[in-house]
Amino acid sequence: MRIAVAGKGGVGKTTVSAGLCLLLAEQGRNPWAVDADPNNCLGYALGFRQDLLADVTPLSEMRQMLAEQAGSSAGQGGMFTLNPDVTDIIADYEINDRDISLLVMGVVDEGGTGCMCPENATLRTILRELVHAERDLIVDMVAGLEHLGRGTAQAVDALLIITQPNRSALRTVPRIHKLAEDIGLTRMWVLGNNVSRAEEADRIQHSIPQVSLLGTLGHYPELQDDDVFAGVSGSNLKSDLSQILTKLEEQLNGDA
Ligand SMILES: Nc1ncnc2c1ncn2[C@@H]1O[C@H](COP(=O)(O)OP(=O)(O)O)[C@@H](O)[C@H]1O
Ligand SMILES: [Mg+2]
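Small disclaimer: the values here were computed from a predicted structure and weren't measured.

A. Helix α8 (residues 167-182), seen in detail. When the terminal C-alpha atoms of α8 are compared, their 24 Å separation across 16 residues agrees well with the 22 Å that a helix rising 1.5 Å per residue should span. Every buried residue of α8 is accounted for by Ala-169, Leu-170, Thr-172, Val-173, Ile-176, His-177 and Ala-180. Taken end-on, α8 shows its buried residues confined to a sector of 150 degrees, consistent with a single buried face. Residues of α8 that are exposed and angled more than 90 degrees away from the buried face: Arg-167, Ser-168, Lys-178 and Asp-182.

B. Representation of the environment of Ile-162 within the structure. Of note, Ile-162 is situated in strand β6 (residues 158-163). Residue classification places Ile-162 among the buried positions, given that 26 C-beta atoms sit within 10 Å. Residues Ile-162 and Lys-8 lie 154 residues apart in sequence; the distance between their C-alpha atoms is 7.7 Å.

C. Region of the structure containing the nonpolar core. Among the nonpolar cores identified, the biggest contains 71 residues, and Val-5, Val-34, Leu-46 and Leu-159 are the most heavily contacted of them. If near-sequence neighbours (up to four positions away) are discounted, Leu-159 is found in contact with Ala-4, Ala-6, Ala-180, Leu-185 and Met-188.

D. How the structure looks around the sheet that holds strand β1 (residues 2-6). Reading across the sheet, the 8 strands line up as β3-β4-β2-β5-β1-β6-β7-β8 and stay open at both edges, with mixed pairing between neighbours. Lying at the two open borders of the sheet, with one neighbouring strand each, are β3 (95-97) and β8 (213-216). Sheet twist, expressed as the average angle between the axes of neighbouring strands with direction ignored, equals 25 degrees. In terms of strand pairing, β1 meets strand β5 (residues 137-140) through 4 bridges, oriented parallel. Paired with Arg-2 across the strands is Leu-137, a residue of β5.

E. Just the pairing of β8, in detail. Pairing analysis gives 3 bridges linking strand β7 (residues 188-192) to β8, with the strands arranged parallel. Counted as the bridge partner of Leu-191 is Gly-215 from β8. Crossover β7 to β8 through helix α9 (residues 198-207) is right-handed.

F. Examining the site of ligand 1 more closely. Looking at ligand 1, there are 15 residues lining it, with Gly-12, Lys-13, Thr-14, Thr-15 and Tyr-220 nearest. For the shell around ligand 1, the per-class residue count stands at 4 nonpolar, 9 polar and 2 charged.

G. Region of the structure containing the confidence of the model for the protein chain. In this model, the protein chain carries a mean pLDDT of 86, and residues with pLDDT of at least 70 account for 88%. Mean pLDDT per element in the protein chain: helix α10 (residues 228-234) is the minimum at 65, and β7 is the maximum at 97. Across residues 73-78, where pLDDT falls below 50, the model places 1 contact with residues more than four positions away in sequence or in other chains.

Conventions adopted
Residues numbered from 1 in each chain as written. Chains lettered and ligands numbered in written order. Predicted model: local features only at pLDDT ≥ 70, side-chain atom pairs only at ≥ 80, totals over all residues. Helix = DSSP H or I, 4+ residues; strand = E, 2+ residues; numbered from the N terminus. Expected span 1.5 Å × (residues − 1). Buried ≥ 20, exposed ≤ 12 C-beta atoms within 10 Å, placed from the backbone. Arc of directions from axis to C-beta. Core = buried A, V, L, I, M, F, W, Y, C linked by C-beta atoms within 7 Å. Contact = placed C-beta atoms within 7 Å. Pairing = 2+ DSSP bridges. Axes fitted to C-alpha atoms, helices over the stretch in contact; angles between N-to-C directions. Right-handed = clockwise from strand over helix to strand, strands pointing away. Near = placed C-beta within 6 Å. Nonpolar A, V, L, I, M, F, W, Y, C, P; charged D, E, K, R; others polar. pLDDT = per-residue confidence, 0-100.

In structure tokens, the structure reads:
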């Protein structure tokens, strides 16, 4: 399954992405974990070895390499090829731990100039390459879905929009829904996080009738700041998230 995870900052995207990856890894599925959030904390949430993470530079900071890969250089009229061969980049920059392959992409800051810079074209191509590979993949994204071009969006099996029951998180959901539809990503669910009462789940579904609620996660006081693995292995988060994963797979298989 290839899942993009989006939502407002702080709602639990990284927690859910890491948890899903850890569950998939436990099933021997060797997933890709793609960190496409500028905060780049998925590796920590996954409990990757510190020495591996210490050396990681987000791909988005390798601007010259990305631009060169896109066949662009200043003075060439800004022309760049749209299909650079990115297999080598992926092989060079992936890190592996706990049967998970992590690629830290980051986000190219476009300064409001649109998304046609060559660096971004390469990042998008990398993601497209991964999404089209026959391997489970979880992408931890920002709300703006910047990395998803049409070709990639259509190859993603589903978008999980994480929200909490509060208004500001909920307000972001219709925006993400609209952005997703615009790029051809039509299969999506909302996942409520930090939901401890039935009325909160009702409030979520009520406020966003356009996207169905896949399920909810509770509040897990034992979750540590940046190591979901510790929480996942010893808490209810693991069983709750397993149920969500099962439901997601049922939905995806039922739709296929
Ligand atoms: N259900 C939960 N219960 C307790 N703490 C949570 C829960 N979900 C997320 N957190 C904590 O909230 C913070 C933000 O979560 P995170 O997954 O990093 O959000 P995002 O990636 O959307 O910005 C983290 O410290 C995380 O451990
Ligand atoms: Mg995050």
